[in-house]
Amino acid sequence: MINESEFYTTANTAIVTGCTLRQLQYWRIQSIVLPIVDAKGTGHSVYYSVKNLRELVIFKELLDHGLNFRFAQRCLNLLRVLNPNFNEVHCTTRYYFTSDRHQNIWLHSNKQEQLDYVLNGQPSYPLWLDRIYSKLTAAINGHQTKQ
């Protein structure tokens, strides 16, 4: 079980999400996922919440599907608008992103709709939150066991 109130350093975040330190830094600069920055003392400490980790693995998943950076960013932003609670532990929806040649994006969770889009020649990208969150939970639990 994951402690929802726990925070992770950038190094630990990289380990459990599979993101590189450079990716995390760039995505922070680009405002993809904004962690908590603690400016006490000298320098800044960056901490990621569990919700941040979920957003990071979703964004990484979109990029791993072959989507370009800006398109993946648009997909993540659409998910934030249409389901503000998508990064909660209880959200296990299986979504599909579909687009057309004009770069319009649709988000749906109906398998038949997804099939209709594909049969009409439009690409569709699965985003199954239950599987993504399960992998993240296993990575966090495995990392905590090693510590």
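Residues numbered from 1 in each chain as written. Predicted model: local features only at pLDDT ≥ 70, side-chain atom pairs only at ≥ 80, totals over all residues. Heavy atoms only, no water.

A.B. asks: So what exactly am I meant to see when it comes to helix α3 (residues 50–64) here?
C.D. replies: For an α-helix, the turn length of 3.6 residues means that residues three or four places apart are oriented alike. Helix length check: α3 (15 residues) gives 21 Å between terminal C-alpha atoms against 21 Å at 1.5 Å per residue, within 8%. By the criterion of burial, α3 is predominantly enclosed, with 11 of the 15 residues buried. Along α3, the residues classified as buried are V50, N52, L53, R54, E55, L56, V57, I58, F59, K60 and L62. Phi for G66, located one or two positions after α3, is positive at around 100°. (Helix = DSSP H or I, 4+ residues; strand = E, 2+ residues; numbered from the N terminus. Expected span 1.5 Å × (residues − 1). Buried < 20%, exposed > 50% of the residue type's maximum accessible area, 1.4 Å probe, protein only.)

A.B. asks: What am I meant to see in the environment of L129 here?
C.D. replies: Relative to the helices and strands, L129 is located in helix α6 (residues 129–146). Setting aside anything within four residues of it in sequence, one finds L129 in contact with I58, F86, C91, T92, T93 and Y95. (Contact = heavy atoms within 4.5 Å.)

A.B. asks: Honestly, helix α5 (residues 111–119) in this entry has me stumped. Any pointers?
C.D. replies: The N-cap of α5, judged by a side-chain oxygen 2.7 Å from the amide nitrogen of Q112 a few residues on, is N110. Of the residues one or two after α5, G121 is the one with positive phi, at around 85°. (Polar contact = N/O pair within 3.5 Å; in protein donor to acceptor, adjacent residues only side chain to side chain.)

A.B. asks: Could you clarify how one ought to interpret unusual backbone geometry in this entry?
C.D. replies: Most peptide bonds take the trans form, and the phi angle of most residues other than glycine is negative. One non-glycine residue, S31, lies in positive phi territory at about 60°. Along the chain, S31 turns up in the loop between α2 (21–29) and β2 (36–38). Residue S31 is classed as partly exposed on the basis of its relative accessible area, which comes to 41%.

A.B. asks: Could you clarify how one ought to interpret the nonpolar core in this entry?
C.D. replies: Most often, soluble globular proteins keep nonpolar side chains buried together rather than apart. In this structure, I58, F97 and L127 are the most contacted members of the largest nonpolar core, which totals 38 residues. In terms of residue count, α3 provides more of this core than any other element does, 7 residues in total. Setting aside chain neighbours within four positions, we find F97 in contact with L62, C75, L78, L79, I105, W106, L107, P123, S124, Y125 and L127. (Core = buried A, V, L, I, M, F, W, Y, C linked by side-chain atoms within 4.5 Å.)

A.B. asks: Honestly, the sheet that holds strand β4 (residues 94–99) in this entry has me stumped. Any pointers?
C.D. replies: Spatially, β5-β4-β6 is the arrangement adopted by the 3 strands of the open sheet, whose pairing is antiparallel. Each edge of the open sheet is held by one strand with a lone partner, namely β5 (105–108) and β6 (124–128). Within the sheet, the average angular offset between the axes of one strand and its neighbour, ignoring direction, is 20°. Of the strands in this sheet, β4, β5 and β6 are in contact with helix α4 (residues 69–82), which crosses β5 at around 45°. Across the face of the sheet, α5 comes into contact with β4, β5 and β6 while running at roughly 150° to β5. (Pairing = 2+ DSSP bridges. Axes fitted to C-alpha atoms, helices over the stretch in contact; angles between N-to-C directions.)

A.B. asks: Would you explain the packing of α3 against α4 in this entry?
C.D. replies: At their nearest, the axes of α3 and α4 sit 9 Å apart, and the two run at 135° to each other. Comparing their axes, α4 and α3 come out oblique. Crossing hand, α3 versus α4: right-handed. Between α3, through E55, I58, F59, L62 and L63, and α4, the contact on the second element is made entirely by F69, A72, Q73, C75, L76, L79 and R80. Here the contact of α3 with α4 is composed, by residue class, of 9 nonpolar, 1 polar and 2 charged. (Parallel < 35°, antiparallel > 145°, perpendicular 65-115°, else oblique. Left-handed = near helix turned anticlockwise from the far one by under 90°. Nonpolar A, V, L, I, M, F, W, Y, C, P; charged D, E, K, R; others polar.)

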